[in-house]
Protein chains: 4
Amino acid sequence: MSKTGNRISVAVIGYGYWGPNLARNFRRLGTDVRYICDLDESLRTLALKDCPNARFTRNLEDILHDNDVDAVCIATPVSTHFDIAMMCLKAGKHCLVEKPLADSSSHVQEMIALAVAQNLTLMTDHTYLYHGGIRKICELVKSGVLGPVMYYDSVRINLGLFQKDVNVIWDLATHDFSIMLYVLGRRPTSISASAVCHVEGRPESMAYVTCFFEDSLIVHFHVNWLAPVKIRKTIVGGLNKMIIFDELAADEQIKIYDRGVDTMALEYNTREIQISYRTGDMEAPQLDRTEPLGEAVRDFVESIVDPDRSPVSDGGISYDVIRMLEATEISHKQNGARVNIDWNGR
Amino acid sequence: MSKTGNRISVAVIGYGYWGPNLARNFRRLGTDVRYICDLDESLRTLALKDCPNARFTRNLEDILHDNDVDAVCIATPVSTHFDIAMMCLKAGKHCLVEKPLADSSSHVQEMIALAVAQNLTLMTDHTYLYHGGIRKICELVKSGVLGPVMYYDSVRINLGLFQKDVNVIWDLATHDFSIMLYVLGRRPTSISASAVCHVEGRPESMAYVTCFFEDSLIVHFHVNWLAPVKIRKTIVGGLNKMIIFDELAADEQIKIYDRGVDTMALEYNTREIQISYRTGDMEAPQLDRTEPLGEAVRDFVESIVDPDRSPVSDGGISYDVIRMLEATEISHKQNGARVNIDWNGR
Amino acid sequence: MSKTGNRISVAVIGYGYWGPNLARNFRRLGTDVRYICDLDESLRTLALKDCPNARFTRNLEDILHDNDVDAVCIATPVSTHFDIAMMCLKAGKHCLVEKPLADSSSHVQEMIALAVAQNLTLMTDHTYLYHGGIRKICELVKSGVLGPVMYYDSVRINLGLFQKDVNVIWDLATHDFSIMLYVLGRRPTSISASAVCHVEGRPESMAYVTCFFEDSLIVHFHVNWLAPVKIRKTIVGGLNKMIIFDELAADEQIKIYDRGVDTMALEYNTREIQISYRTGDMEAPQLDRTEPLGEAVRDFVESIVDPDRSPVSDGGISYDVIRMLEATEISHKQNGARVNIDWNGR
Amino acid sequence: MSKTGNRISVAVIGYGYWGPNLARNFRRLGTDVRYICDLDESLRTLALKDCPNARFTRNLEDILHDNDVDAVCIATPVSTHFDIAMMCLKAGKHCLVEKPLADSSSHVQEMIALAVAQNLTLMTDHTYLYHGGIRKICELVKSGVLGPVMYYDSVRINLGLFQKDVNVIWDLATHDFSIMLYVLGRRPTSISASAVCHVEGRPESMAYVTCFFEDSLIVHFHVNWLAPVKIRKTIVGGLNKMIIFDELAADEQIKIYDRGVDTMALEYNTREIQISYRTGDMEAPQLDRTEPLGEAVRDFVESIVDPDRSPVSDGGISYDVIRMLEATEISHKQNGARVNIDWNGR
């Protein structure tokens, strides 16, 4: 495509909770938001205040048939992602889809295959992969300063909206799966999960998920829609250094602790069975505070403009996330039994 | 026994980490600390500074044969609790034993049987059961203001000493099991646990434990010796109100949130699938800040003096804790499989 | 005026830091933002993205001569407020002016007189008076539950932008003066202040301000542009209860402490010279989290529509704030000497 | 003196709030606590539990006439410091005196003169000078990494005991004066203070103190006995880096912020009147967590043993603190007028 970024025209499909944020970031980037599509008239009216120059429709066909629309953002319920994305890809539109990409890994495979065949960009909005804090953690893990990572522990809880069509795992653990894959660069061999439903007839509202690997690395998430306070805290425990990421801290979101097991002391101190710890300084690096969604949207647009470029949050990572979500669901339904994931066989 | 509390004479067996705290609290209560017993001479020298009028010995026999010793506190490694306590009970001494009471439920059963036969007090130092915050939570749960408890979540992590003879489950989860039993007054039907060892040849240093019950109540602990910071935080999630207990907070250790699912709204709001939440005020009650160990020691002494009285942290709760620790160990060794606990059959 | 609120047409004059926020809140209210006026072309270009349907001008005359413009918001440097507002009032426009209303009390008097003569609304954007937390404090103080207020202490520091034309007193202490007047409903008899300039040739960047009253009430502000962290914390100390308002807290911005001097104990405990304190519970009420600027803008619009209504942040409070700022400046220039304010004589 | 440290014999005079802490730290150091002296019999009984081998007296003469007593610690009300210390110095006893050293600078001069004449150590227990955090700040300021210090701001508030014989300035600001002298190594040229009394007939319970210097350095304290929460927070603002010391933080008591005015940008950016800030990383160094009072007591004992050694908290700093307290009192009584201090003339 020979278009430059600020000549791209997008349609935002779904203007509920997240759609307005997508529209706002596209506008800030200078991208033309040509359509806002939603079935709910009141939401379209709301959209008019935000994007007075856009066109408003409840009809997806209007977008599919408009050749001036280069790309769509799909911010509709998860269960509709597959159908809408397939129609858009067939119509030649690049797709940015809300996380999770679809409701099954077989659907994701079809979507990826069609995007490749059509030579279109298919990206999931795993917004955290564009967060300055997550990028810093990724950089620190990759640099080796933490030493071997022993564990990754995340607590993501709040008093939030029950989703209509997905449970807390598909809603919140999706974030943790994508971050964990991105930061650690490793995929688990098996997953165990327990989820409970506390409001009859509703999806599960809290879950504990544990991921196991070939070595002693352990990854654990606590996700919860029914907590009294909002907590979003991740610990990455390395043998040499450890990180705490507190996304909700006003300042010092990332703290790097020079703490760990002092293996030197361990070697020479054989008579005493006690292990030495190193408790050194703590450092909180300055982070890039750019709005993550702005960076995600930019990555999408630049991947459209430059056909040789693939977005960070591409089909590969999106597919792996769905595989892990599926394994989590199976484990939860089998009373927490460990479910193996065969990454080769698929 | 006709003795009054301040005529009781105790011997402290084991003067490592916890022994000095026990001795200090007995002295503050006015109880005579007649012996300090430890194999390590340097610890006995340290004890001399604290209790200049006590007798110092490395020989348990000195204590067993001294008829003026009414009671012993056993603060030695867990693996020695059974042998030492059995000798002391046989010698007619009341026993206060560091948590956990022993290394197996069969040992605990023998200890309880002997204490009953000898008409002696056998108490475990589950210190948290005497903490003003835990007592407040217990009171709130029992009063019903929380509504049905949906979940109990505890994070108890720090960069601490590796124990010589027990892993992190027997060291830290013991606290959570005793608190959970005391506060909720319920025993789990099954337990699932994952623990990992990150320093070769050492006990497991972190674990995730999940307890399941007859209904949808779920209880979960994260215990960890290798965390960069110390966190001791418990959430008790009721349908009407929720509590957060932050033991390390300088002030406001207990926060009661008037938050929960608004079931009224739920009933009448059938068309809209969204659930209402109630986010009302938060209240932090003033707590009794007495040192918990002082209260524990007082309960022990008063239970000796008054033969009709049983301490809060008695054999019953101690036994249940051990049964849960055993189930946790089995689950961990079976890759996290759910292990049922038969509370009738034992 | 017979217009209803959503028929009002406003012009935003000055589109630097605060102008976009004003424009956004007017649009959300449904008010027509007819003009954006700024001398800087790049800011006008920015405005185009936010308000594609507005008219853009660098010329104030365009606004003054447009009879369809009912009101203006003046978000320009403080030194220009007087001239611009006087022109607008003469042209029959209602005025919402950024705080502080003008650079001298004599200017403010002229502005108020003209607004009265023209029968127009003149309001200062003292946004804090519309903050849910401040409104709650005001309500609590007025209800008497705090008992007599002993002191009011505010810390408002950050690493912020040096203002071009005003020092830290006129920039930040303005907030504290307006809040203090609103919450306590009392005016100081004298003020003492010390301010220092740490960057040569620049306005003072930090100041300490103390206000004295007829009784022992004391009010103190620390305002600072050169602090390493952002703090916005106010303590209102009553004899019976005390409040801490932490504006930057994610949750529990207002905490009400049942703490104070126990005067009953004081009376009867004459032999013992020690005073008793009451340290009871703490309560954090749920607050109205509506954006304060939205409420301010609504108050402005409703005061235009309803000629019998006066905005909370009206000329009276604005004038008192300026009088206090002037006394503060004089004290600072007289090495912190106490400067009396004659509220009758003016 | 040829005695070694662990052969020193001390008497603790006054066993109220602080005396037991002094006794405990002397015992831990291995120093013989030979006497506990207090007029109150119940306190002497309490002392018996802590120091069973000490002698107990209400009669100072017993101590003065006992040649085996090398040194005394005076932890009595401030108004009695001078008389007791003079008697002890005359009797040849080294003196460690609770802060502030005495109730007037002329008294302090007499005390210092007598100590010098008698060749005895006279030290004030300014405990903070032995705090790991304060020592770290001192080291950082002296090293120059902060750049020129622009300001020093301290908040030291709590709901505490009203002192019988001193107001909040002599009680709490004493700490801040000693720390400021030690850390900055500079003495103010003038002081301004406002203090208020909120309980009739009692000493002033809150005060604001400002210190001025030859340049634009400004130092400010807020001390308060009637605050709803305990805060002990100090900011040291350097042109290059800034420090926040939060004494009550469980961890990370010292935070060093790489923040300041970017003077380079300032120089070259003359057209734009805006100043650049540098907001870099934050670092929290590991601190020495030894109990400060233990270090103070050690400094006292070592200064006795080694006649060439002078304690950190010596007569010089103690005298300067009293001069500043006196200036503060005068300013407060003169309605906050700036009171000059002539450091040459005395």
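Residues numbered from 1 in each chain as written. Chains lettered and ligands numbered in written order. Predicted model: local features only at pLDDT ≥ 70, side-chain atom pairs only at ≥ 80, totals over all residues.

For chain A, the count of helices and strands is ten helices and 15 strands. Taken over the C-alpha trace, chain A has a radius of gyration of 22 Å; the compact-globule value for 346 residues is 20 Å, and the two agree within 12%. Each of the three principal axes of chain A carries a C-alpha extent, and together these read 80 × 45 × 40 Å. Taken over 346 residues, chain A has a buried fraction of 51%. A sequence separation of at least 24 residues applies to 65% of the contacts in chain A between residues at least 6 apart. (Helix = DSSP H or I, 4+ residues; strand = E, 2+ residues; numbered from the N terminus. Rg over C-alpha atoms; globule rule 2.2 N^0.38 Å. Buried ≥ 20, exposed ≤ 12 C-beta atoms within 10 Å, placed from the backbone. Contact = placed C-beta atoms within 7 Å.)

A separate point is the interface of chain B and chain A. The partner chain A presents 41 residues to the 41 residues of chain B that form the contact. Looking at the side of chain B that touches chain A, the elements that each hand over two or more residues are strand E7 (149–159), strand E8 (190–196), strand E9 (206–212), strand E10 (218–224), strand E11 (226–238), strand E12 (242–246), strand E13 (254–261) and strand E14 (277–284) of chain B. When residues of the side of chain B that touches chain A are assigned to their parent elements, the largest contribution, six residues, is made by E11 of chain B. The class makeup of the residues in the side of chain B that touches chain A is 24 nonpolar, twelve polar and five charged. (Nonpolar A, V, L, I, M, F, W, Y, C, P; charged D, E, K, R; others polar.)

With that out of the way, let us pick up the interface of chain A and chain C. Facing the eight residues of chain A at the interface are eight residues of chain C. Residue classes in the side of chain A that touches chain C are distributed as four nonpolar, one polar and three charged.

All names here are of chain A. In terms of domain boundaries, chain A breaks down into domain 1 (5–120) and domain 2 (131–291 + 324–340). A C-alpha centroid distance of 31 Å is found between domain 1 and domain 2. Each partner contributes residues to the interface: domain 1 has six residues there, and domain 2 has eight residues. Residue classes in the side of domain 1 that touches domain 2 are distributed as three nonpolar, two polar and one charged. (Domains from an automatic or database assignment.)

Next up on the list: the nonpolar core. Among the nonpolar cores identified, the biggest contains 427 residues, and Val 12 of chain A, Val 12 of chain B, Val 12 of chain C together with Val 12 of chain D are the most heavily contacted of them. Looking at this core, the element that brings in the most residues is helix H7 (residues 168–184) of chain D, giving twelve residues. Sequence-distant contacts of Val 12 of chain A, defined by excluding residues within four places in its chain, comprise Gly 19, Leu 22, Ala 23, Val 33, Tyr 35, Ile 36, Cys 37, Cys 73 and Ala 75 of chain A. (Core = buried A, V, L, I, M, F, W, Y, C linked by C-beta atoms within 7 Å.)

Our focus in this paragraph is the relation of the copies chain B and chain A. There are two copies of the chain, and a rotation about an axis plus a shift along that axis relates them. Each copy of the sequence occupies a distinct position, and chain B is placed on chain A by a rotation of 180° and an axial shift of 0.0 Å, giving an RMSD of 0.0 Å. A rotation of that kind, with that shift, is consistent with a two-fold axis. Looking at the rotation axis and the C-alpha trace of chain B, the residue lying nearest is Ala 337 of chain B, at 3.0 Å. A high fraction, 100%, of the interface residues of chain B reappear at the interface in chain A, so the copies pair face to face through one surface. (Least-squares fit on C-alpha atoms with pLDDT ≥ 70 in both.)

One can describe the packing of helix H6 (residues 132–143) of chain D onto H7 of chain D by two numbers: an axis separation of 8 Å at closest approach and a directional angle of 35°. Facing H6 of chain D, whose interface residues are Ile 134, Ile 137, Cys 138 and Val 141 of chain D, H7 of chain D presents Ile 179, Tyr 182, Val 183 and Leu 184 of chain D. (Axes fitted to C-alpha atoms, helices over the stretch in contact; angles between N-to-C directions.)

Moving on, we come to the sheet that holds strand E2 (residues 32–37) of chain B. Residue and element names in this part refer to chain B. The strand order E3-E2-E1-E4-E5-E6 describes an open sheet built from six strands, whose pairing is parallel. Each of the sheet's edge strands pairs with one partner strand only, and the pair in question is strand E3 (55–57) and strand E6 (122–125). On average, adjacent strands in this sheet sit at an angle of 20° to one another, irrespective of strand direction. Relative to E6, strand E5 (residues 94–98) runs parallel, the two being bridged by four bridges. Following the sheet pairing, Leu 96 is matched in E6 by Met 123. Docked against the sheet, helix H4 (residues 78–90) engages strand E1 (9–13), strand E4 (71–74) and E5, running at close to 170° with respect to E5. (Pairing = 2+ DSSP bridges.)

All names here are of chain C. With parallel pairing, the six strands of this open sheet are ordered in space as E3-E2-E1-E4-E5-E6. For this open sheet the edge positions go to strand E3 (55–57) and strand E6 (122–125), each flanked by a neighbour on one side alone. Strand-to-strand twist of the sheet, defined as the mean angle between neighbouring strand axes without regard to direction, takes the value 20°. When strand E1 (residues 9–13) meets strand E4 (residues 71–74), the two strands line up parallel, connected through four bridges. Opposite Val 10, over in E4, you have Ala 71 as the bridge partner.

With 14 residues, helix H9 (residues 292–305) of chain A extends 20 Å between its outermost C-alpha atoms, agreeing within 8% with the 20 Å of an ideal straight helix rising 1.5 Å per residue. Structurally, H9 of chain A contributes buried residues whose contacts are with helix H1 (19–29), strand E4 (71–74), strand E5 (94–98) and strand E6 (122–125) of chain A. (Expected span 1.5 Å × (residues − 1).)

Turning our attention to the pairing of strand E13 (residues 254–261) of chain A. Remark: a regular strand shows side chains that alternate across the two faces of the sheet. Residues and elements named next belong to chain A. The element E13 is extensively covered by neighbouring structure, given that seven of its eight residues are classed as buried. Bridge count for strand E12 (residues 242–246) against E13 is four bridges, and the pairing is antiparallel. Directly across from Phe 245, in E13, lies its bridge partner Ile 254.

Our next topic: the packing of helix H5 (residues 105–118) of chain A against helix H10 (residues 315–333) of chain A. A packed helix pair is summarised by two numbers, namely the angle formed by the two axes and the spacing between the axes. Residue and element names in this part refer to chain A. Remark: H5 packs on H10, axes separated minimally by 9 Å, with the N-to-C direction vectors making an angle of 170°. Relative to H10, H5 is oriented roughly antiparallel. Together, Ser 105, Val 108, Ile 112 and Ala 115 of H5 and Gly 315, Ser 318, Tyr 319, Ile 322, Arg 323 and Glu 326 of H10 make up the contact between the two elements. (Parallel < 35°, antiparallel > 145°, perpendicular 65-115°, else oblique.)

Once that is clear, we can look at helix H9 (residues 292–305) of chain B. Residues of H9 of chain B that are buried include every one of Pro 292, Ala 296, Val 297, Asp 299, Phe 300, Val 301, Ser 303 and Ile 304 of chain B, and no others. Packed against the buried residues of H9 of chain B are helix H1 (19–29), E4, E5 and E6 of chain B.

Okay, the pairing of strand E10 (residues 218–224) of chain A next. Residue and element names in this part refer to chain A. Across the seven residues of E10, seven count as buried, placing the element largely inside the fold. Here E10 shows a buried face lined by Ile 218, His 220, His 222 and Asn 224 and a second buried face lined by Val 219, Phe 221 and Val 223. As paired elements, strand E7 (residues 149–159) and E10 share seven bridges and run parallel to each other. Paired with Tyr 152 across the strands is Val 219, a residue of E10. Across seven bridges, the pairing between strand E9 (residues 206–212) and E10 is antiparallel. Pairing of Val 209 across the sheet is with Phe 221, part of E10. Linking E9 to E10, which pair antiparallel, is a turn of five residues.

Another aspect to go through is the environment of Leu 22 of chain B. Residue and element names in this part refer to chain B. Topologically, Leu 22 is positioned in helix H1. Along the backbone, Leu 22 and Phe 212 are 190 residues apart, and their C-alpha atoms lie at a distance of 35 Å. If we skip the residues at most four places from it in the chain, Leu 22 touches Val 12, Cys 73, Ala 75 and Val 297.

The next thing to look at is the environment of Ile 256 of chain A. All names here are of chain A. Take Ile 256: it is sitting in strand E13. Taking the C-alpha atoms as reference points, Ile 256 and Met 242, separated by 14 residues in sequence, lie 5.8 Å from one another. Ignoring any residue separated from it by four or fewer positions in sequence, one finds Ile 256 in contact with Leu 140, Lys 241, Ile 243, Met 282 and Glu 283.

Further remarks concern unusual backbone geometry. A cis geometry characterises the amide bond from Lys 99 of chain A onward to Pro 100 of chain A, with omega recorded as -10°. Looking at the element boundaries, Pro 100 of chain A is found in the loop between E5 and H5. Of note in this structure, Asn 335 of chain A is not a glycine but carries a positive phi near 60°. Residue classification places Asn 335 of chain A among the partly exposed positions, given that 13 C-beta atoms sit within 10 Å. For Glu 252 of chain D, which is not glycine, the phi dihedral falls at a positive 55°. Relative to the helices and strands, Glu 252 of chain D is located in the loop between strand E12 (242–246) and strand E13 (254–261). With 21 C-beta atoms packed within 10 Å, Glu 252 of chain D lands in the buried category.

It is worth spelling out the confidence of the model for chain A at this point. Interpreting fine coordinate detail is not advised for predicted regions of low pLDDT. Residues at a pLDDT of 70 or more form 92% of chain A, whose mean pLDDT is 91. Low pLDDT, under 50, characterises residues 264–274 of chain A; the stretch is placed with eight contacts to residues that sit more than four places away or in other chains. (pLDDT = per-residue confidence, 0-100.)

With that out of the way, let us pick up the environment of Cys 37 of chain A. Within the secondary structure, Cys 37 of chain A sits in strand E2 (residues 32–37). If sequence neighbours within four positions are ignored, Cys 37 of chain A has contacts with Ala 11, Val 12, Ile 13, Thr 57, Arg 58, Leu 60 and Ile 63 of chain A.

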